[in-house]
Amino acid sequence: MIDQRRLKALGLFFGCLVLLVLIRLFYLQIIQHPKFLSLADDQHRRRIDLPAQRGDITDRNGEILASTIDTYTVFTTKGGKFSYLKKRVPLAEAKKIQTTDPENVRYIPDKKRIYPANNLAAQLLGFVGEDNEGLSGVELSYDEYLAGKKGEVKTEGDPQGRELYGAVRVMERAEEGLNLTLTIDNNIQYAAEKAIAEQVRKS
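Quick caveat, the model's predicted, so the values are computed rather than measured.

1. Some remarks on the environment of Glu 139
Line of reasoning, step 1. Along the chain, the position of Glu 139 falls in helix 5 (residues 137–141).
Line of reasoning, step 2. On the basis of relative accessibility, which here comes to 0%, the residue Glu 139 falls in the buried class.
Line of reasoning, step 3. Separated by 41 residues in sequence, Glu 139 and Leu 180 have C-alpha atoms that sit 9.9 Å apart.
Line of reasoning, step 4. Leaving out residues up to four positions away in the same chain, Glu 139 has contacts with Arg 54, Ile 57, Ala 66, Arg 113, Tyr 115, Leu 125, Gly 126, Phe 127, Val 128, Gly 134 and Leu 146.
Line of reasoning, step 5. Engagement of the side chain of Glu 139 in a polar contact is seen with the side chain of Tyr 115, the distance being 2.8 Å.

See the structure below:
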């Protein structure tokens, strides 16, 4: 004859085991659902900043002292890992890099800050950083007006992390920054800097 106490103990044990499994499933599927959904989304999707067109800086006559040109940044998500390959290169170079691994390499529009007059009024103008944000001079002082607003693109990959063909999509377009006109005259500034440099050389 089967021991009733042993049967009850086994029944209680398996009942508790089933209850623990149900609690665990509830915790994972209900309580932790937002977390795992976010993790899954991060595995298959990635949002990348789309730089804005930074405003030009000109002299009083409209001569450009600082401007922004279109370039491209190349990246890969090979093996599910996102990494930049090269930033701010011409379109031809971006396409050439992509041909090395068409399945995993993509490129998106980027911006590069240039100073057509080279070092003219360099200390006054200042310069920008890696993300085209003003770091000194006029570039820093008027950054909130020049910078514009960044946009955003989204990429999608398969379960193995490989980039899906045609998966780069614009989510939010960038807004251009404002142009800024200074009171200095390009020609007078050049003559003044040349005269100062000559005096320094003689001294």
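Picking up after the structure, the text goes on.
2. Regarding helix 7 (residues 186–202)
Line of reasoning, step 1. With 17 residues, helix 7 ought to run about 24 Å at 1.5 Å a step, and its terminal C-alpha atoms sit 24 Å apart, in line with that.
Line of reasoning, step 2. Of the residues that open helix 7, the one with a side-chain oxygen 2.9 Å from the backbone nitrogen of Asn 187 is Asp 185.

3. Topic: unusual backbone geometry
Line of reasoning, step 1. Not every positive phi belongs to a glycine, and Asn 118 is a case in point at roughly 60 degrees.
Line of reasoning, step 2. Judged by relative accessible area, which is 61%, Asn 118 ranks as exposed.

4. Quick notes on the side chain of Arg 88
Line of reasoning, step 1. Examined against the element boundaries, Arg 88 turns out to sit in strand 4 (residues 83–89).
Line of reasoning, step 2. On the accessibility criterion, Arg 88 (19% relative accessible area) is buried.
Line of reasoning, step 3. Looking at Arg 88, its side chain comes within polar contact range of the main-chain oxygen of Lys 111, at 2.7 Å.
Line of reasoning, step 4. The residues contacting Arg 88, other than those within four sequence positions of it, are Thr 71, Tyr 72, Thr 73, Asp 110, Lys 111, Lys 112, Glu 130, Asp 131 and Asn 132.

5. Digging into the nonpolar core
Line of reasoning, step 1. One finds Ile 57, Leu 65, Ala 66, Leu 120, Ala 121, Leu 125, Val 138, Leu 146, Leu 180, Leu 182 and Ile 184 forming the largest nonpolar core, which totals eleven residues.
Line of reasoning, step 2. In contact with Leu 125, not counting residues within four places along its chain, are Ile 57, Leu 65, Tyr 115, Leu 120, Ser 136, Gly 137, Val 138, Glu 139 and Leu 182.

6. Some thoughts on the packing of aromatic side chains
Line of reasoning, step 1. According to the stated counting rule, one finds two aromatic pairs in the structure shown.
Line of reasoning, step 2. The interplanar angle of 90 degrees and the centroid separation of 5.8 Å between the aromatic rings of Tyr 72 and Tyr 107 together place this pair among those described as edge-to-face. Here the residue Tyr 72 occupies a position in strand 3 (residues 64–76), and Tyr 107 occupies one in strand 5 (residues 105–114), the gap between them amounting to 35 residues.
Line of reasoning, step 3. The exposure class of Tyr 72 is partly exposed, given its relative accessible area of 22%.
Line of reasoning, step 4. For Tyr 107, a relative accessible area of 25% translates into the label partly exposed.
Line of reasoning, step 5. On the numbers, 6.5 Å between centres and 45 degrees between planes, the contact of Tyr 142 with Tyr 145 is tilted.
Line of reasoning, step 6. Given the relative accessible area of 39%, Tyr 142 is considered partly exposed.
Line of reasoning, step 7. Given the relative accessible area of 44%, Tyr 145 is considered partly exposed.

Reading the values: the criteria
- Residues numbered from 1 in each chain as written.
- Predicted model: local features only at pLDDT ≥ 70, side-chain atom pairs only at ≥ 80, totals over all residues.
- Heavy atoms only, no water.
- Helix = DSSP H or I, 4+ residues; strand = E, 2+ residues; numbered from the N terminus.
- Buried < 20%, exposed > 50% of the residue type's maximum accessible area, 1.4 Å probe, protein only.
- Contact = heavy atoms within 4.5 Å.
- Polar contact = N/O pair within 3.5 Å; in protein donor to acceptor, adjacent residues only side chain to side chain.
- Expected span 1.5 Å × (residues − 1).
- Core = buried A, V, L, I, M, F, W, Y, C linked by side-chain atoms within 4.5 Å.
- Phe/Tyr/Trp six-rings, centres within 6.5 Å; stacked < 30°, edge-to-face > 60°.

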